[in-house]
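# Structure assessment
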Amino acid sequence: MPTSVLYLGGDSFPADRGLEDALRPLLTADQAMLVSHQDLRDSAAKAGLDWSLESRLAVLERAVSSMSAGTDIVLIGRSSGARIMALFASRRPVTALICVAYPFKNPKHVLEPERFAHLATLTTPTLIIQGIHDPYGGVEITENYHLSPSIRLEFVDGTHEFMIDTPRCAHVPHLIRAFVREGWRDPADQSALFDEAYYSRLYPDVAKAIAAGSVLTGAEHFRLFGRKERRRFRTRIGR
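A short tour of the structure in this document, coming up. What you see is a predicted model; the values in this text were computed from it and never measured. (Residues numbered from 1 in each chain as written. Predicted model: local features only at pLDDT ≥ 70, side-chain atom pairs only at ≥ 80, totals over all residues. Heavy atoms only, no water.)

## Thoughts on the overall build of the chain
Formally: A run of H or I in DSSP counts as a helix once it spans at least four residues, and a run of E counts as a strand once it spans at least two, with each numbered from the N terminus. We take the radius of gyration over the C-alpha atoms and set the globule estimate at 2.2 Å times the residue count to the 0.38 power. The buried label goes to any residue with under 20% of its type's maximum accessible area, the exposed label to any with over 50%, and the partly exposed label to all in between, with areas taken from a 1.4 Å probe on protein chains only.
From N to C terminus, the chain includes 9 helices and 6 strands. The C-alpha radius of gyration of the chain comes to 18 Å, within 12% of the 18 Å expected for a compact globule of 239 residues. Overall, the C-alpha framework of the chain stretches about 65 × 40 × 35 Å when taken along its three principal axes. Within the chain, the proportion of its 239 residues that are buried is 51%.

## Here's the deal with unusual backbone geometry
Here the residue pair Phe13 and Pro14 is connected by a cis peptide bond, since its omega of 10° sits within 30 degrees of zero. Checked against the element boundaries, Pro14 lands in the loop between β1 (3-8) and α1 (18-29). At Gln31, a residue that is not glycine, the phi angle is positive and equals roughly 65°. Mapped onto the elements of the fold, Gln31 is located in the loop between α1 and β2 (33-35).

## Topic: the nonpolar core
Generally speaking, soluble globular proteins have nonpolar side chains that are buried together. What counts, and what does not: Here, nonpolar core means buried Ala, Val, Leu, Ile, Met, Phe, Trp, Tyr and Cys residues that are tied together by side-chain atoms lying within 4.5 Å of each other.
Residues Leu6, Leu40, Leu75, Leu97, Tyr102, Phe104 and Leu119 are the most contacted members of the largest nonpolar core, which totals 37 residues. Elements with a minimum of two residues in this core: β1, α2 (37-46), α3 (53-65), β3 (72-78), α4 (80-91), β4 (96-100) and β6 (151-156). Among the nonpolar cores identified, the runner-up in size contains 24 residues, and Ile76, Ala101, Ile164 and Phe179 belong to it.

## Description of helix α6 (residues 172-180)
Burial within α6 is extensive, with 7 of its 9 residues counted as buried. The complete set of buried residues in α6 reads Val172, Pro173, Leu175, Ile176, Arg177, Phe179 and Val180. After α6 finishes, the residue Glu182 shows a positive phi value of roughly 85°.

Below, the structure written as C-alpha cells:
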C-alpha cells in the first residue's frame, strides 16, 4: 500500500530541520511520498493563510484530503509541529502518528491542558520520542499526563533540542523509519520498561494485590485497571 508522510517542524524551523533531512533519504528508499514542512508552509502562503495553529490544521486537512483513497497517511511532527499533528490526528483518522520532542508544557507558562488533553483519548497508533531532560516534558511525563493505550514511548538522552547527528540520538531516524514501515501495527507492550517499584510505592493497594496473587505485576494492574483509574506510572530508561 502506498504511504504518504507529512512532516511538520517546530517554531524554530529551519534551525531544527536536521531530523527532516535525515529522514528524507530513508523514506525515499522506502518509496514513501514526503510532504515536507516547507511544502506545507508554501501551501499556507498560497492559500493566504498565516501560520497559526488553526491555519496549520487547515493546511493539513487540505493536504490529507487530496491524497488517494487507500493510502497510508503517517504524520510526523517535531515540537510545536508534534502538538499540531497530534491534535489533527485526534480530529481526523490517519494511519499513524510520530511525535518528536512533544511540548507537554511551556516551562515559562502555567499548565495548559489544551496541549495534552487529547492524548488521553487518542486512538491513532502513536510513537512519542522524548528527551529525558526535556524541560517541555521529560522522563516524568508518564507520572504527570494521562496517555492513551495507543501511545508508545521512546526516551533518548537529550533535551528538547536533542541532535540526531550525535551518537546518543543517531538511532532516532531509524526508529521513525521502522514505525512508518508498519511498526505501528505491532502492539505497544512496554511492560519491560514499567517501573514496578515506583508504582507499588505510590499505590500500597497494588503492592497488596501483587502479594496476594490477584495480579502478577504492577504493569499488569495498570493495563487492567490503573489506566482507567487514571493512576500515574513511571517508565525506566531502556537505553
